[in-house]
Amino acid sequence: MLIFNCPHCGVAAEETELSGGGEAHLKRFGPGCSDADFEGYLFTRENPKGVHFERWRHAFGCGKWFIAARDTVTLEVFGTYPAQTSEPPREIFDRISEKRPGWSWCNLSGEA
Amino acid sequence: MSDLSGFEGLVAIREVENQGMLTVRGDFGSEVLRAAVTGLTGVDFPGRRVAHVQGARGLLWMSPDELAVLLPRGEAAQAATRLAGQLAGVHALVVDVSDARVHFEIEGRVVRETIAKLAPVDMHPDSFTPGELRRTRFGQVAAGFWMADERTARIFCFRSVRDYMAGLLTVAADDHSEVAYFRK
Ligand SMILES: [Zn+2]
């Protein structure tokens, strides 16, 4: 059972109060982009074993979207932050680096 | 309609009649919005996850940009029009949702346990205190609730699932189902 702290309303919300929204920090490619970029935007996902960033919505609660950083193997949660954030906050970066030295995800990594 | 009038169980369950409710969305930083809703209800503007309620009037913090305004049912439609007028110049939305909500009051010794059986909320007295507003699910449906005091809680949900909620509450408060988890 996953429990995430919703950064909007402060509730420690368990999984059944939330709905998942897939991978976070996607860059949207729209009209005018190349076919390859559009295909990547639509279909290509990290699907990692380990550190992952996902969008979640506090569906039965405040209704807001947030992003969760967690480990897909251990279900350890590194932190949550509002969806209106283009990249993970420094403290989340540091927490992951402390616990998973040398981690990387998409174009992010512990060395950044 | 599941009938609550003959129900006897671990808590008393009552459907609250004549409760009006407006949904207001807007910028909580706006003085215009704050003054308008507090003026309408006579209670302080609520902080995060707080319910300020006096009788049939109150303000419930529903999200960082959403309030539920409690009013007597008979005043709700006019109040919505007036409030929308007062907020015409600011980024806000007002809807009278009185017909779309139903309110239940549960009262008795095992109010915390009745809620804990139905919602994924830590109802321990150290975690959840009277005056806190919580939006969550009860069984399979969205609901909100607050405790007025240690013995009384108010639960509200969509009117379309009124019978489901009444059924949930009566089962959770069945006379023979006490777990006594929170008994001190
Ligand atoms: Zn929330």
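Remember, it's a predicted structure, so these values are computed and weren't measured experimentally.

Attention now moves to the interface of chain A and chain B. At the junction of the two partners, chain A supplies 13 residues and chain B supplies 17 residues. Around 1100 Å² of area is buried between chain A and chain B when both sides are counted, 49% of it from carbon and sulfur atoms. Looking at the side of chain A facing chain B, the largest losses of area belong to Glu 17, Phe 60 and Lys 64 of chain A, adding up to 40% of the total buried there. Linking chain A with chain B are two salt bridges. With a shortest N-O distance of 2.9 Å, Lys 64 of chain A and Asp 65 of chain B are connected by a salt bridge. Counting across the interface, chain A meets chain B through eight residue pairs in polar contact (both at pLDDT 80 or more). Here the residues of the side of chain A that touches chain B sort into six nonpolar, four polar and three charged.

What follows deals with the packing of helix α1 (residues 31–41) of chain B against helix α2 (residues 73–86) of chain B. Residue and element names in this part refer to chain B. Put simply, α1 and α2 touch, their axes get as near as 10 Å, and they point 155° apart. On the basis of the axis angle, α1 is roughly antiparallel to α2. Like other packed secondary-structure pairs, α1 and α2 cross with a definite hand, here right-handed. Contact residues: Val 32, Ala 36, Val 37 and Leu 40 in α1; Ala 79, Arg 82, Leu 83 and Gln 86 in α2. Taken together, the residues that form the contact of α1 with α2 break down as six nonpolar, one polar and one charged.

With that settled, consider the coordination of the zinc ion. Each pair of donors in an ideal four-coordinate tetrahedral metal site encloses 109.5 degrees, whereas pairs in an ideal six-coordinate octahedral site enclose 90 or 180 degrees. All names here are of chain A. The protein atoms that coordinate the zinc ion are Cys 6 (SG), Cys 9 (SG), His 58 (ND1) and Cys 62 (SG), at distances of 2.0 to 2.4 Å. Each of the four donor atoms bound to the zinc ion contributes to angles spanning 99 to 117°, and the resulting shape is tetrahedral. Sequence spacing of the donor residues for the zinc ion, all on one chain, is C-x2-C-x48-H-x3-C. Here Cys 6 is found in the loop between β1 (3–5) and β2 (12–14), whereas its partner His 58 is found in the loop between β4 (51–57) and β5 (65–71), with 52 residues between them in sequence. Judged by relative accessible area, His 58 falls into the buried class, the value being 1%.

As a further point, take the pairing of strand β10 (residues 152–158) of chain B. Residue and element names in this part refer to chain B. Of all seven residues in β10, six are buried; the element is thus mostly enclosed. Bridging between strand β7 (residues 101–107) and β10 involves seven bridges; their strand directions are antiparallel. Across the sheet, Glu 107 pairs through a bridge with Thr 152, a residue of β10. In this sheet, β10 lies alongside strand β9 (residues 141–149) in antiparallel orientation, the contact comprising six bridges. Each bridged residue has a counterpart across the sheet, and for Asp 149 the counterpart in β10 is Thr 152. Between β9 and β10, which follow one another and run antiparallel, lie two residues.

So, on to the domain arrangement of chain B. Residue and element names in this part refer to chain B. Structurally, chain B comprises domain 1 (19–99) and domain 2 (100–174). With centres defined by C-alpha atoms, the gap from domain 1 to domain 2 works out at 22 Å. Of the roughly 1200 Å² buried between domain 1 and domain 2 on both sides combined, carbon and sulfur atoms contribute 54%. At the surface where domain 1 touches domain 2, the tally comes to two salt bridges. Between Glu 132 and Arg 49 there is a salt bridge, with its nearest N and O atoms 3.1 Å apart. One can count ten residue pairs in polar contact (both at pLDDT 80 or more) joining domain 1 with domain 2. Where the side of domain 1 that touches domain 2 is concerned, the elements lending two or more residues are β2 (19–26), β3 (51–54), β4 (57–63) and β5 (66–72).

Looking now at the pairing of β3 of chain B. Two faces make up the sheet, and in a regular strand the side chains alternate between them. Residues and elements named next belong to chain B. Here β3 pairs with β4 via four bridges, running antiparallel. Pairing of His 52 across the sheet is with Leu 59, part of β4. The hairpin formed by β3 and β4 contains two residues between the paired strands, and Gly 55 there has a positive phi angle of roughly 60°.

Quick look at the confidence of the model for chain B now. Residues of chain B with pLDDT of at least 70 account for 99%, and the chain-wide mean is 96. Prediction confidence for the complex, expressed as pTM and ipTM, is 0.94 and 0.93 respectively.

With that settled, consider the sheet that holds strand β3 (residues 19–23) of chain A. All names here are of chain A. Read across the open sheet, the four strands follow the order β3-β4-β5-β6; overall the sheet is antiparallel. Either end of the sheet is taken by a strand with one partner, and the two such strands are β3 and β6 (77–82). Geometrically, the sheet is characterised by an average inter-axis angle of 30° between neighbouring strands, direction not taken into account. Both β4 and β5 contribute to a ladder of seven bridges, which runs antiparallel. Across the sheet, the residue bridging to Arg 55 is Ile 67, located in β5. Set on the sheet, helix α2 (residues 90–99) makes contact with β4, β5 and β6; between it and β6 the angle comes to about 170°.

Parameters at a glance
- Sequence order sets the numbering: in each chain, residues are counted from 1 along the sequence as written.
- To label them, take the chains in the order written and letter them from A, then take the ligands in the order written and number them from 1.
- Confidence filtering applies because this is a predicted model: local features only for residues at pLDDT of at least 70, side-chain atom pairs given and counted only at 80 or more, and all residues used for totals across whole chains, interfaces and linings.
- Side-chain metrics rest on all non-hydrogen atoms present in the structure, leaving aside hydrogens and water.
- Residues are treated as being in contact if the distance between any of their heavy atoms lies within 4.5 Å.
- By convention, the term buried area covers the 1.4 Å-probe accessible surface removed from two parts as they join, with the contributions of both added.
- The term salt bridge refers to a pairing of a side-chain nitrogen on Lys or Arg with a carboxyl oxygen on Asp or Glu at a separation within 4 Å.
- Polar contact is defined as a pair of N or O atoms within 3.5 Å, subject to the rule that within protein one atom must be able to donate a hydrogen and the other to accept it, and that residues adjacent in sequence are counted only when both atoms are side-chain atoms.
- Classification used: nonpolar for Ala, Val, Leu, Ile, Met, Phe, Trp, Tyr, Cys and Pro, charged for Asp, Glu, Lys and Arg, polar for all others including Gly.
- With axes taken as lines fitted to C-alpha atoms, and helix axes fitted only over the stretch in contact, angles between N-to-C directions fall between 0 and 180 degrees.
- Each helix corresponds to a stretch of at least 4 residues labelled H or I by DSSP, and each strand to a stretch of at least 2 residues labelled E; elements are numbered beginning at the N terminus.
- When an angle is under 35 degrees it counts as roughly parallel; over 145 it counts as roughly antiparallel; between 65 and 115 it counts as roughly perpendicular; any other value is oblique.
- The crossing is said to be left-handed when, going from far helix to near helix, the turn is anticlockwise and less than a right angle, and right-handed when the turn is clockwise.
- Listed donors are limited to N, O and S atoms within 2.8 Å of the metal, widened to 3.2 Å for Na, K and Ca; water is not among them, so incomplete-looking sites are possible.
- Just to be clear on the cut-offs, tetrahedral is four donors with all angles between 85 and 135 degrees, square planar is four donors and octahedral six with opposite donors over 155 degrees apart and all others between 65 and 115, and anything else goes down as irregular.
- Classification of residues uses two cut-offs on accessible area relative to the type maximum, computed with a 1.4 Å probe and protein chains only: under 20% is buried, over 50% is exposed, and between them is partly exposed.
- Any two strands are treated as partners once DSSP identifies two or more bridges connecting them.
- Where each domain begins and ends follows an automated or database-derived domain assignment.
- As a per-residue measure, pLDDT reflects the predictor's confidence and takes values from 0 up to 100.

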